[in-house]
Amino acid sequence: PKYVYDFAEGGREMAGLLGGKGANLAEMTRMGLPVPPGFTVTTEACRAFLAVGTEPDGLREEVAEHLARLEQATGRRLGRPEDPLLVSVRSGGRFSMPGMMDTVLDIGLNDESVLGLARISGQERFAWDSYRRLIQMFGRTVMGVDGEQFEDALAKAKAASGAVLDTELGTDGLRRLVESYKQLIRTETGEEFPQDPVEQLHRSIGAVFSSWNGERARVYRKREHISESLGTAVNVQTMVFGNLGSDSGTGVAFTRDPATGQPGVYGDYLSNAQGEDVVAGIRNTVPLQDLERIDPASYRRLGECVRLLEDRYRDLCDVEFTIERGKLWMLQTRVGKRTAEAAFRIAAELTDEGMISPDEALGRVSGDELVRLMFPRIDGTAAGAPLARGIAASPGAAVGAAVFDSAEAVRRAAAGQKVVLVRRETNPDDLPGMVAAQAVLTSRGGKTSHAAVVARGMGRVCVCGAEELTVDVEARMFTASDGTVVTEGTVISVDGSSGTVYLGEAPLEDSAVLRYLETGVAGPGTVESVDRALRHADGIRRLEVRANADTPEDAVRARRFGAQGIGLCRTEHMFLGERRRLVEDMILAADDTGREAALDALLPLQREDFTGILEAMDGLPVTIRLLDPPLHEFLPDRTELAVRIATSEASGGVTDAYDVQLLEAVERMHEQNPMLGLRGVRLGLLVPGLVAMQVRAIGEAVAARVLAGGDPRAEIMVPLIDTVEELRLVRDEVEEVLAEVSARTGVPVDCPVGTMIELPRAALTAGEIAKSADFFSFGTNDLTQTTWGFSRDDVEAEFFSAYLEKGIFKVSPFETIDLDGVGRLVGIAVREGRETAPGLKIGVCGEHGGDPASVHFFHATGLDYVSCSPFRVPVARLEAGRAAL
Ligand code: ADP
Ligand code: MG
Ligand code: MG
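Residues numbered from 1 in each chain as written. Chains lettered and ligands numbered in written order. Predicted model: local features only at pLDDT ≥ 70, side-chain atom pairs only at ≥ 80, totals over all residues.

In the annotation of an unreviewed UniProt entry, the entry for the protein reads Pyruvate, phosphate dikinase, and the organism field reads Streptomyces sodiiphilus. Regarding the protein, the relevant UniProt record gives this comment under Catalytic activity (unreviewed entry): "pyruvate + phosphate + ATP = phosphoenolpyruvate + AMP + diphosphate + H(+)". The UniProt entry for the protein carries the following text under Sequence similarities (unreviewed entry): "Belongs to the PEP-utilizing enzyme family." (UniProt positions renumbered as here; feature names shortened; annotations may be inferred.)

Here's what the structure looks like:
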């Protein structure tokens, strides 16, 4: 294979082979921009190198050939004493990994050529400074000497000559420093700093290749989901010098402001400096605009280059440039990173400028960016030092008084106070408190813990797993690792976008985008850009977007956010709160009469719930799921009950007979593995009257809405089906009850009856199930649990981080759908379901419905809709549009 490409041979389409930096240097060369000449050693060479640990056959020769051409072009030779060619060796993989791998500058200097460089530049000090930089960079990255030691030696040299700044160190001081650097390398490695420039070059290339596997780079790739197998390219490039005096300098520029998206060149400049100095922050940079005054010709030339780049890439670009004695050189460019706000603005403005189409503009923004814009933010710079750091589980920022249990959160919130619910971890009982709180903070659990999932679903801010905090719920306080004690009522601030917690009230910034989504009123700036992207997405997407909502309030919000119906209305929340007693009565009932009485009491309450939701979603489908969780979830905790009974016995009081009955029931209904136990459709088939009550409530709500002039579109969904027989039995009962309601009310009530597909068996027998189902809805949470054999609540806290660490998966299958396993089951069910029933309506409800990557999969698999929490609806709309591009 060909391992080396001259910059003039490549182009930006070759980023896989040449790496991003190399491909873009080639592109700039092709465009005729002033790029110091050089060549790129491919990622393929890197992979070959890493496989065997040495340069692959032929590489040395190819490098020599290209080097010879470079020498010819520049009229200099690597290491020639009188006028040496100097080069940099720069890493650069397919995806940018800023600062993660190594670069060596000034290769080609040695004891002789340093004198030549001094002569041709006319600057002795500069030559010696370059030499000591080379030894320092080479010593650290190639020879493995601890960088600190060079810094120490530099500090000593400065002290010896009374210098404060690096720049105050004179030629003699630098000469002595070079000697002590060489000595350092000798003592540390037992080797000499290599004087042979070709050896310097090859060892640097090898070191860059090896840095691909360095600790820093690996950690970065894991976090950014960059594949381990890509490898990095190496760019060998003629050095240019920004540190030759006040007519030289170096800087970075963006074609637009990457923070706000505002058009116009933006950047920083540092005169008399080399590339690394800008980032190292040795001296203060000046705004790029100042270059117009310092060197108007170079400024104009830079402006031209930057415009050409934006035209070519049709996007925001950033560049590194250097001016050597009034001549501009372009050292790097790429499509630049930007904030979410800038992403939307730039996409809209490039469309207006006729540079990109609306489709392309939509491709340039993402659901994740939209999420970031929906939440208020803490102004991190103004906020001071954080109290603790945890996992950024649900973005946004909130300020409130710390409270330590759900009841207190509800009480204070009702009194108009803003609160942050602090728990070690949360469970379903904390739900009212989570609803009441501005934010949830836990000291345990990961990104998919109960706190995180529920908070994200509700759009609550959440930081979880803040392990430095010791939470003492009983004492109503927590202690930070610096000893700060936060008691109940103390105001704290939580930033769920960064995972930080602050003492006191941190300054917040409001989200204009959320206000727009809630009111539908577009405004100028970011909001207008977001509005345009969303409207375009709505115009081209095939997937419908529905919301998961159980209350009229959520339904109203979902509708404002653009939901086209409810894809999952859970009925279990309607069994909580003060209705618990009725549910307990139903469970404890000794006979049919008792049970019927309890169910009769629940009926009107459920009917009111459904009526409210159907009214809020008038004209749109509302998929109501029959009761799903095991009944004992509605009973009190076993230990709590036992303790209550024991205490009252011990104190000689009368034991509450009801408590004893409850405890019996709890013990009777105890399951080893409730997730796989008596729940879902099984409950409906085994608890007499339950399905009938729920269906009656739905039917009567529909009838009531029709009589009120509404357009109710209830759909009944049966959870946890394993086999078509279960569905048939339930369906018979549903139809019977609806017929009875129709007869009684005089309103013909006819609801589609469908099923969830959330067990592997259901997916595999979907062809049969489709015979009895009017629609399918994938419950991908349970389908993931049952396909992997993971109990989500157990595994996430226990070992998911280890699994992620070991690379067993790159992202939790509960966050993004597992294509190979769960995704395959979804594919089978869609195909076989529609073979039986062409046109079968199929959707998905559950966390994955609002996850961008999963939305793309559902689009590709031919689903009709996704359903997600109201706050994710705009995200799903946007991503469904992007999936259709
Ligand atoms: P990174 O990817 O970490 O930015 P680079 O390869 O871009 O590393 O190089 C580090 C610094 O050295 C940059 O500021 C770059 O502009 C500068 N640099 C690299 N090669 C040269 C060169 N041939 N001449 C002058 N400066 C260079
Ligand atoms: Mg760079
Ligand atoms: Mg389920």
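J.: Is there a simple way to explain the overall build of the protein in this structure?
T.: Counting its regular elements, the protein contains 36 helices and 33 strands. Seen through its principal axes, the protein has C-alpha atoms that stretch 105 × 65 × 50 Å. Counting across all 885 residues of the protein, residues that qualify as buried make up 51%. Across the protein, the fraction of contacts at a sequence separation of at least 24, relative to all contacts at a separation of at least 6, is 67%. (Helix = DSSP H or I, 4+ residues; strand = E, 2+ residues; numbered from the N terminus. Buried ≥ 20, exposed ≤ 12 C-beta atoms within 10 Å, placed from the backbone. Contact = placed C-beta atoms within 7 Å.)

J.: I tried to follow the site of ligand 1 on my own but got confused; where do I start?
T.: Around ligand 1 there are 17 residues in total, and S88, R90, T103, G275 and E320 lie nearest to it. Of all the elements in the fold, those that place two or more residues in the shell around ligand 1 are β5 (87-93), β6 (103-107), β7 (232-238), α10 (275-280), β11 (317-324) and β12 (327-335). Among the residues making up the shell around ligand 1, the classes are represented as six nonpolar, eight polar and three charged. A domain split of the shell around ligand 1 shows at least three residues from each of domain 1 (31-36 + 68-238) and domain 2 (249-341). (Near = placed C-beta within 6 Å. Nonpolar A, V, L, I, M, F, W, Y, C, P; charged D, E, K, R; others polar. Domains from an automatic or database assignment.)

J.: What's the story with helix α34 (residues 819-836) in this structure? I'm lost.
T.: With 18 residues, α34 extends 24 Å from end C-alpha to end C-alpha; this agrees with the ideal 26 Å at 1.5 Å per step. All of the buried residues in α34 are V822, G823, L825, V826, A829, V830 and G833. Across the axial projection of α34, the buried residues extend over an arc of 150°, all falling on one side. Facing away from the buried surface of α34 by more than 90 degrees, the exposed residues are D820 and E835. (Expected span 1.5 Å × (residues − 1). Arc of directions from axis to C-beta.)

J.: Quick question: what am I supposed to make of the sheet that holds strand β1 (residues 4-6) here?
T.: Sheets are built from strands paired through backbone hydrogen bonds, the pairs being either parallel or antiparallel. Spatial ordering of the open sheet is given by β1-β2-β7-β5-β6, a layout of five strands whose pairing is antiparallel. Because the sheet does not close on itself, it has two edges, and the strands there are β1 and β6. Direction aside, the axes of adjacent strands within the sheet are offset by 20° on average. By the bridge criterion, three bridges tie β1 to strand β2 (residues 38-41) in an arrangement that is antiparallel. Looking at β2, one finds that Y5 is bridged to T40. (Pairing = 2+ DSSP bridges. Axes fitted to C-alpha atoms, helices over the stretch in contact; angles between N-to-C directions.)

J.: Mind showing me how you'd approach the confidence of the model for the protein here?
T.: Any region with low pLDDT has predicted coordinates that should not be read closely. Mean pLDDT over the protein works out to 92, with 98% of the residues at or above the 70 mark. With a pTM of 0.82, the predicted complex shows an ipTM of 0.96. (pLDDT = per-residue confidence, 0-100.)

J.: In this structure, what is going on with the environment of L105? I would like to understand it.
T.: Mapped onto the secondary structure, L105 falls in strand β6. Note on L105: 23 C-beta atoms within 10 Å, which makes it buried. Taking the C-alpha atoms as reference points, L105 and V63, 42 residues apart in sequence, are found 18 Å from one another. Beyond its immediate chain neighbours, meaning those up to four positions away, L105 contacts S88, R133, L134, M137 and M239.

J.: It is not clear to me how the domain arrangement of the protein should be interpreted in this structure. Could you clarify?
T.: Often the size quoted for an interface is simply the accessible area lost on bringing the parts together. As far as domains go, the protein holds domain 1 (31-36 + 68-238), domain 2 (249-341), domain 3 (373-512) and domain 4 (539-630 + 671-883). One C-alpha centre belongs to domain 1, the other to domain 4, and the line joining them spans 62 Å.

J.: Honestly, the pairing of β12 in this entry has me stumped. Any pointers?
T.: As a general feature of sheets, a regular strand has side chains that alternate between the two faces. Across the nine residues of β12, seven count as buried, placing the element largely inside the fold. With eight bridges joining them, β11 and β12 adopt antiparallel strand pairing. What sits directly across from T322, in β12, is W329. Between β11 and β12, which pair antiparallel and follow one another directly, the connecting turn spans two residues, one of which, R325, has a positive phi of 45°.

J.: Could you clarify how one ought to interpret the nonpolar core in this entry?
T.: The nonpolar side chains of soluble globular proteins are, as a tendency, buried together. Formed by 255 residues in total, the largest nonpolar core has its most connected members in V420 and V866. Here V866 is in contact with L543, V545, G843, V844, G849, V855, F858, A876 and A880, once residues within four sequence places are set aside. (Core = buried A, V, L, I, M, F, W, Y, C linked by C-beta atoms within 7 Å.)

J.: Even after reading the chapter, I still don't get helix α16 (residues 406-414), so can you show me in this structure?
T.: Every α-helical turn comprises 3.6 residues, leaving residues that sit three or four positions apart pointing alike. Considered for burial, the residues of α16 that qualify are S406, E408, A409, R412 and A413. Buried residues of α16, viewed axially, fall in a sector of 165°; they line one side. Phi turns positive one or two residues past the end of α16, at G416, with a value near 90°.

J.: Even after reading the chapter, I still don't get the environment of A860, so can you show me in this structure?
T.: Tracing the sequence through the fold places A860 in helix α35 (residues 852-861). The class of A860 is exposed, set by 12 C-beta atoms lying within 10 Å. Linking A860 and L683, residues 177 residues apart in sequence, is a C-alpha distance of 35 Å.

J.: Help me understand the pairing of strand β8 (residues 249-256), please; the structure alone is not making it clear to me.
T.: Counted residue by residue, β8 has eight buried out of eight residues, so it is predominantly covered. Hairpin remark: β8 followed by strand β9 (residues 263-271), antiparallel, with six residues in the connecting loop; positive phi at G261, about 90°. Across six bridges, the pairing between β8 and β11 is antiparallel. Across the sheet, the residue bridging to F254 is D318, located in β11.

J.: In this structure, what is going on with the packing of helix α23 (residues 592-616) against helix α27 (residues 690-707)? I would like to understand it.
T.: Relative orientation and spacing of two packed helices are given, respectively, by the angle between their axes and the distance between those axes. Packing of α23 against α27 leaves a shortest axis separation of 8 Å and a crossing angle of 45°. Considering the angle they form, α23 stands oblique to α27. In this structure, α23 meets α27 at a crossing whose hand is right-handed. Of α27, the residues touching α23 (which contributes L599, L602, L603, Q606, R607, F610, T611, L614 and E615) are M693, Q694, R696, A697, I698, E700, A701, V702, A704 and R705. Residues that form the contact of α23 with α27 fall into these classes: eleven nonpolar, three polar and five charged. (Parallel < 35°, antiparallel > 145°, perpendicular 65-115°, else oblique. Left-handed = near helix turned anticlockwise from the far one by under 90°.)

J.: Could you clarify how one ought to interpret the sheet that holds strand β15 (residues 391-394) in this entry?
T.: Reading across from one edge, β14-β24-β23-β16-β17-β18-β19-β15 is the order of the eight strands in this open sheet, with mixed pairing throughout. Looking at the sheet topology across the chains shown, the edges are occupied by β14 (388-389) and β15. Two strands pair when backbone bridges link them, and strand β23 (residues 491-495) and strand β24 (residues 500-503) are joined in this way by four bridges, in the antiparallel orientation. By the bridge assignment for β24, S493 is matched with Y502.

J.: When you look at unusual backbone geometry in this model, what are you seeing that I'm missing?
T.: Only a minority of non-glycine residues have a phi that is not negative, and only a minority of peptide bonds are not trans. Non-glycine residue R314 carries a positive phi angle of around 50°. Located in the positive-phi region is L720, a residue other than glycine, with phi close to 60°. Its location among the elements puts L720 in the loop between β29 (713-718) and α28 (724-745). In this structure L720 comes out as buried when scored by C-beta crowding, with 24 C-beta atoms within 10 Å.

J.: Any chance you could explain the environment of S867 here in plain terms?
T.: One can find S867 in strand β33 (residues 865-868). Sequence separation between S867 and L663 is 204 residues, and the spatial gap between their C-alpha atoms is 38 Å. When near neighbours in sequence (up to four residues on either side) are disregarded, S867 contacts R546, A547, N548, G567, L568, G843, V844, C845 and G849.

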